[in-house]
Each structure stands twice: as structure tokens, then as C-alpha cells.
Amino acid sequence: MKKFLSLSVIIAMSALAYAGEKNITLTSGHNYMFQDASKTALFVFDYDDCYGGEISKGVLKEGALPLEEYLAARGDDSLKDWPGLQEFAYERFFKNWNVMNRKRMRLASATDTPDYLITFHVKGIDFGSTAAALFGVGKAGGIILIGDIDVVDMATNETVATYKVHQIKGQGDIGEAMRMWVVYNQFLGEFTRFNFKVQ
């Protein structure tokens, strides 16, 4: 377990080191709260209004389907496995966030009373090619996410920041769960790096 977590941290830190800020922009508000180690947040990945299909340069191409239809159309057990994929990826995302942000805002569990609610409204997802994921190198076969993020102050119920996620792309790997975990870690690295700079 420790070895597995260490690998996940390495991947996340690699994303942190090499990710460019162009994939995420702050569209309103400020990010001061991320510098405060006394603050906690609940982070949610929201797929309620998500569409699945081919994504190119941050745009869903024509023919995209509502997420459930997209997953069903992929065949196999994609729709049935979807909740498990999210759980697998989020568990590691949660742990890695708190490792990478020891002296900054940390994530809290749903049973805690966090200071902020951070919601990544995923508007589009592209699972890419399974074959490319298995045999490709680097970005080949990586899952792509696009969407918007809002940060809500739980004390006032006010939105204090919004972000645009133009495109986050993971890497090919064996198994959908691993690919989901990798794209979440890629996002974590880019989002963390972006918020190192106070805006």
C-alpha cells in the first residue's frame, strides 16, 4: 500500500513539475484561501451535466452524448464500472492532495465541517482509445477532462472563486481505473501549481 501511494505521489509531483498553467485559468475571484494551512475544503467531482465524446483542443466534437449514454455505448461494463472508477481515483486524489499541500489548504472528508466547497463541474470527458491506452506511450490513450470549478465559502455560502479547466489530459495505462486515477493526478498537479501563485 505504501509503495502504491508513493507511486501515485510521484505521478502527481511529475504533473506538478511539468504542467503548464495554460490548461487552467482563474475566471473570477481570488485564490488566497489555498495558502491558508488552517483551512479545509471538501472537493467534489460533479458529472451531472457531463457529456462524453471526442475532445480536441478543449472542445467536445459533434456527436457527444450524455455521460450515461456515452458509457453504455462504449460496451463491456463501462456503465456498471463507472462508480468504482470514480471512487478508486478520488481516494488517491484525496490522499495526494494532502501530501502535496501539507502547509496549505487541506481536504476534509464529507463527514467533517470544511471551510470551503470546491466543485469541479466536469462538462466533458473523452476516454480515448483503449488500444492506444494499452500500447501507447505518454499521453496516448489518456483520458481528457474539461469543465469549470467553483469555490464556495461555507460560512457565507458565497462563491469566492471560479476557474475554467480548458483541458486536462492523463496518460495511457493498463485498465480504466488506472487511467482515471492518472488524469485526476494530472489535474491535481496542474491545479496545485496554478494556485501556488496568489491571484
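Higher on the page you've got the structure.
Residues numbered from 1 in each chain as written. Predicted model: local features only at pLDDT ≥ 70, side-chain atom pairs only at ≥ 80, totals over all residues. Heavy atoms only, no water.

**Overview of the environment of Ser38**
Structurally, the position occupied by Ser38 is in the loop between β1 (24–29) and β2 (40–46). Relative accessible area serves as the criterion here: at 55%, Ser38 is assigned to the exposed category. On a C-alpha basis, the gap between Ser38 and Arg104 in space is 7.6 Å, while along the polypeptide they are 66 residues apart. A polar atom in the side chain of Ser38 sits 2.6 Å from the side chain of Asp36. (Helix = DSSP H or I, 4+ residues; strand = E, 2+ residues; numbered from the N terminus. Buried < 20%, exposed > 50% of the residue type's maximum accessible area, 1.4 Å probe, protein only. Polar contact = N/O pair within 3.5 Å; in protein donor to acceptor, adjacent residues only side chain to side chain.)

**Section: the nonpolar core**
If you look at the biggest cluster of nonpolar residues, it comprises 44 residues, and the most contacted ones within it are Phe43, Tyr47, Ile125, Tyr163, Met180 and Phe187. Elements supplying a minimum of two residues to this core: β1, β2, α2 (67–73), α3 (78–100), β8 (116–126), β9 (144–153), β10 (158–169) and α5 (176–196). Here the element with the most residues in this core is α5; it accounts for nine residues. Discounting chain neighbours no more than four positions away, the residues touching Phe187 are Ile24, Phe43, Phe45, Phe93, Phe120, Ile149, Val165 and Ile168. (Core = buried A, V, L, I, M, F, W, Y, C linked by side-chain atoms within 4.5 Å. Contact = heavy atoms within 4.5 Å.)

**Structural notes on the pairing of β8**
By the criterion of burial, β8 is predominantly enclosed, with nine of the 11 residues buried. By the bridge criterion, six bridges tie β2 to β8 in an arrangement that is parallel. Across the sheet, the residue bridging to Asp46 is His121, located in β8. Pairing between strand β3 (residues 51–52) and β8: two bridges, direction parallel. Note on β8: the bridge partner recorded for Gly52 is Ile125. (Pairing = 2+ DSSP bridges.)

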